[in-house]
Amino acid sequence: MRYRLILLAACLALACSAARGADHSESERMIERYSSEPGAEVTVIRGGDLTRYGLSEYRSLTLPDVTATTLDAIAGAVKADLEASTAREVSYRDGRIKYAFLTLAPTGEGLNRYVIFVCNPAHNGRRRVVLIAIEGKATARQLQNLIKITSK
Amino acid sequence: MRIKAIITALVLTGISGSAAAENAADTIKMIDCPGAVTVIHGSNGKLQLKVKGDGADYDFMAENIADGHEPVIDIDVPFIRETSERRRRRYGATWRAFSVRGAYVGASMPSDAVRGIRTSWEWGISQIVGAELLSPSRRTALTIGVGFFHRMQKVGSGYHIEGAGDGRIFLAPDGEGMRSVSSSVSSFGLQLPVMLKQRLVGPTGMAIGVVGMWNTYTRASTKWTDPDGTSCRRKYKGLHQRAFSVDGLFILNFGSEIGWYVRYSPFRMFHRSTGPEYSLWSTGLNIGF
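Let us look at the structure shown here. Keep in mind that what you see is a predicted model, and the values were worked out from it rather than measured. (Residues numbered from 1 in each chain as written. Chains lettered and ligands numbered in written order. Predicted model: local features only at pLDDT ≥ 70, side-chain atom pairs only at ≥ 80, totals over all residues. Heavy atoms only, no water.)

**Digging into the overall build of chain B**
On a plain count of helices and strands, chain B comes out with one helix and 16 strands. Looking at chain B as a whole, 36% of its 289 residues are labelled buried. The long-range share in chain B, meaning contacts at least 24 apart out of those at least 6 apart in sequence, stands at 62%. Working note: accessible area of chain B is about 16100 Å², and carbon and sulfur atoms make up 59% of it. (Helix = DSSP H or I, 4+ residues; strand = E, 2+ residues; numbered from the N terminus. Buried < 20%, exposed > 50% of the residue type's maximum accessible area, 1.4 Å probe, protein only. Contact = heavy atoms within 4.5 Å. Areas by Shrake-Rupley, 256 points an atom, 1.4 Å probe, with all protein chains shown as cover.)

This is the structure in structure tokens:
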């Protein structure tokens, strides 16, 4: 009886974990996966001041000096999200995604999901990558008004 | 993305269509309702464009020449900026302990016109130990410390200190025949300065603040020589000096060590009924900032 209970709890935990994972975009997985890369800067904000902007969660990963392999993996994830996105704003350079603002399907709780990807040149010919995943009730227009994206 | 496109446009076969006069100056060719457009990616970044239509075939060659500058996309997220600013404010300021600052020696002058009170001297260390709260820029600091002071207030100009019993003193004119009269009020105590310090240029800076003074020990003495040559001395202890007072202090330091200070002591050392009433200005040399 005791073992059955443990097994049931384990299955429930697995199911909950899978259910939570289903809401995660490929880009979010990349943020988790590369968060311990050398020089990686990860910012996670939940609730608090975010609610003022109609947002509930903000995750960002900045890799200041990304290798080609890592860049390919991240760009691949962004491409996968791009294909699944409901709205997108993408610019390419030399056949690669340089900038993407993706609106993904809402979460089970009805929160909007967004992914922002930026690939900038770094000092040594490598790339500096910023990957942001945002959840909240804010619309894409509100988010674009909130986050200033400039090209110089 | 800024890419300079140079269209070299070689029109290889019969350009029969006439370019409309109203077209822009950089328009090479206008083709209405082309039958087919083929874009061929050539070598060295060159593009070949084949157009059928207008009763003729056209073959254009275009070359994209990047200027080598790739734009940098900047993302400014306001709440991240706010968070990092708050963090900087919260974690940027630091406390630091220090020892022996503000050793000073200077002249003290009565600010009230009290007969007999003369310009004298004082010395002390305003902060033997202390702590300071440094701003993130490290140029501004709030300091608090504990030190000591010693003030010797001379009495003269025909007056000296006399005792009135029960720890009370007063200023009395020198008696006839009193020679070589030397009289003073000496006080010693602890001081607790709270200063706002600002670096101006390099290590040069200024500080302004208030100093709590705890007058723990005060005594007076008068020494004179009688007409018959007898040397006399009287000491008065157990005086009723003001136990606590507050001074104002301003320091201008040139470099990190030598400076100049001005101190104002508005609280009178004695009440009218217990001793001479006087308040002091003092100024002098400050060492250590």
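There's plenty left to go through after this.
**Here's the deal with the pattern of salt bridges**
Applying the stated criterion across every chain yields a total of 17 salt bridges over all chains. Note that aspartate 72 of chain A is salt-bridged to arginine 96 of chain A, the shortest N-O span being 3.2 Å. Within this pair, whereas aspartate 72 of chain A is found in helix α3 (residues 68–84), its partner arginine 96 of chain A is found in strand β4 (residues 96–104), the two being separated by 24 residues in sequence. A salt bridge links arginine 272 of chain B to glutamate 277 of chain B; the shortest N-O distance between them is 3.5 Å. For arginine 272 of chain B, a relative accessible area of 66% gives the class exposed. Salt bridges linked by common partners bring Glu32, Arg46, Glu57 and Arg59 of chain A together as one network. (Salt bridge = Lys/Arg side-chain N within 4 Å of Asp/Glu carboxyl O.)

**A short note on a positive patch on the surface**
A cluster of like positive charges, contributed by Lys223, Arg233, Lys235 and Lys237 of chain B, occupies part of the molecular surface. By secondary structure assignment, the location of lysine 237 of chain B is in the loop between β13 (231–236) and β14 (244–254). (Patch = residues over 30% accessible without salt bridge, like charges linked within 9 Å, V, L, I, M, F, W, Y side chains within 5 Å. Lys, Arg positive; Asp, Glu negative; His and termini not counted. Charge placed at Lys NZ, Arg CZ, Asp CG, Glu CD.)

**Section: the pairing of strand β11 (residues 179–201) of chain B**
All names here are of chain B. Relative to β11, strand β8 (residues 140–155) runs antiparallel, the two being bridged by 14 bridges. Residue valine 155 lies in a different strand from β11, and its bridge partner there is serine 183. Note that β11 and strand β12 (residues 204–225) share 19 bridges and pair antiparallel. Looking at β12, one finds that valine 201 is bridged to threonine 204. (Pairing = 2+ DSSP bridges.)

**Digging into unusual backbone geometry**
A positive phi angle, near 55 degrees, is found at aspartate 94 of chain A, a position not held by glycine. Relative to the elements of secondary structure, aspartate 94 of chain A occurs in the loop between β3 (87–93) and β4. Residue classification places aspartate 94 of chain A among the exposed positions, given a relative accessible area of 72%. Not every positive phi belongs to a glycine, and serine 157 of chain B is a case in point at roughly 55 degrees. Checked against the element boundaries, serine 157 of chain B lands in the loop between β8 and β9 (159–165).

**Comments concerning the sheet that holds strand β6 (residues 127–136) of chain A**
Within a beta sheet, neighbouring strands are joined by backbone hydrogen bonds and run either parallel or antiparallel to one another. Residues and elements named next belong to chain A. Read across the open sheet, the six strands follow the order β1-β2-β6-β5-β4-β3; overall the sheet is antiparallel. Looking at strand neighbours, the two that pair on one side only are β1 (41–46) and β3, the edges of this open sheet. Ignoring which end each strand starts from, the neighbouring axes of this sheet average 5 degrees apart. Two elements, β3 and β4, share seven bridges in a ladder whose sense is antiparallel. Directly across from valine 90, in β4, lies its bridge partner alanine 100. Along the sheet face, helix α2 (residues 26–33) touches β2 (55–66), β5 (112–121) and β6 and points at about 120 degrees away from the line of β6. In this fold α3 packs onto β2, β3, β4, β5 and β6, with an angle of close to 40 degrees to the strand it touches most, β4. (Axes fitted to C-alpha atoms, helices over the stretch in contact; angles between N-to-C directions.)

**Re the interface of chain B and chain A**
With 16 residues of chain B in contact, the opposing surface of chain A contributes 27 residues. Overall, the association of chain B and chain A removes approximately 2000 Å² of surface from exposure, summing both partners, and the carbon and sulfur fraction of that is 60%. On the chain B side of the interface with chain A, the three residues burying the most area are Glu70, Ile73 and Phe79 of chain B, jointly 36% of the side's total. One can count three salt bridges joining chain B with chain A. Ionic pairing is found between arginine 127 of chain A and glutamate 70 of chain B, a salt bridge with its closest N-O pair at 2.6 Å. Of all elements in the fold, only β5 (73–76) and α1 (78–92) of chain B reach the threshold of two or more residues within the side of chain B that touches chain A. (Buried area = accessible area lost by both parts, 1.4 Å probe.)

**Topic: the packing of aromatic side chains**
Tallied over the full model, the rule gives seven aromatic pairs over all chains. Relative to tyrosine 114 of chain A, the ring of phenylalanine 101 of chain A lies with its centre 6.0 Å away and its plane at 45 degrees, an arrangement referred to as tilted. Of the two residues, phenylalanine 101 of chain A is situated in strand β4 and tyrosine 114 of chain A in strand β5; the sequence distance between them amounts to 13 residues. The exposure class assigned to phenylalanine 101 of chain A is buried, which follows from its relative accessible area of 3%. On the accessibility criterion, tyrosine 114 of chain A (2% relative accessible area) is buried. Geometry around phenylalanine 98 of chain B places arginine 101 of chain B over its ring, the cationic atom sitting 3.8 Å from the centre. (Phe/Tyr/Trp six-rings, centres within 6.5 Å; stacked < 30°, edge-to-face > 60°. Lys NZ or Arg CZ within 6 Å of the ring centre and 35° of its normal.)

**Quick look at α3 of chain A**
Residue and element names in this part refer to chain A. Its 17 residues place the ends of α3 24 Å apart at the C-alpha level, agreeing with the 24 Å of an ideal helix rising 1.5 Å per residue. Among the residues of α3, those classed as buried are Thr70, Leu71, Ile74, Ala75, Ala77, Val78, Asp81 and Leu82. Buried residues in α3, looked at end-on, bunch into an arc of 155 degrees, giving them a common side. For α3, the exposed residues set more than 90 degrees away from the buried face come down to Ala68, Thr69, Glu83 and Ala84. Residues of α3 that are buried in the fold lie against α2, β2, β3, β4, β5 and β6. (Expected span 1.5 Å × (residues − 1). Arc of directions from axis to C-beta.)

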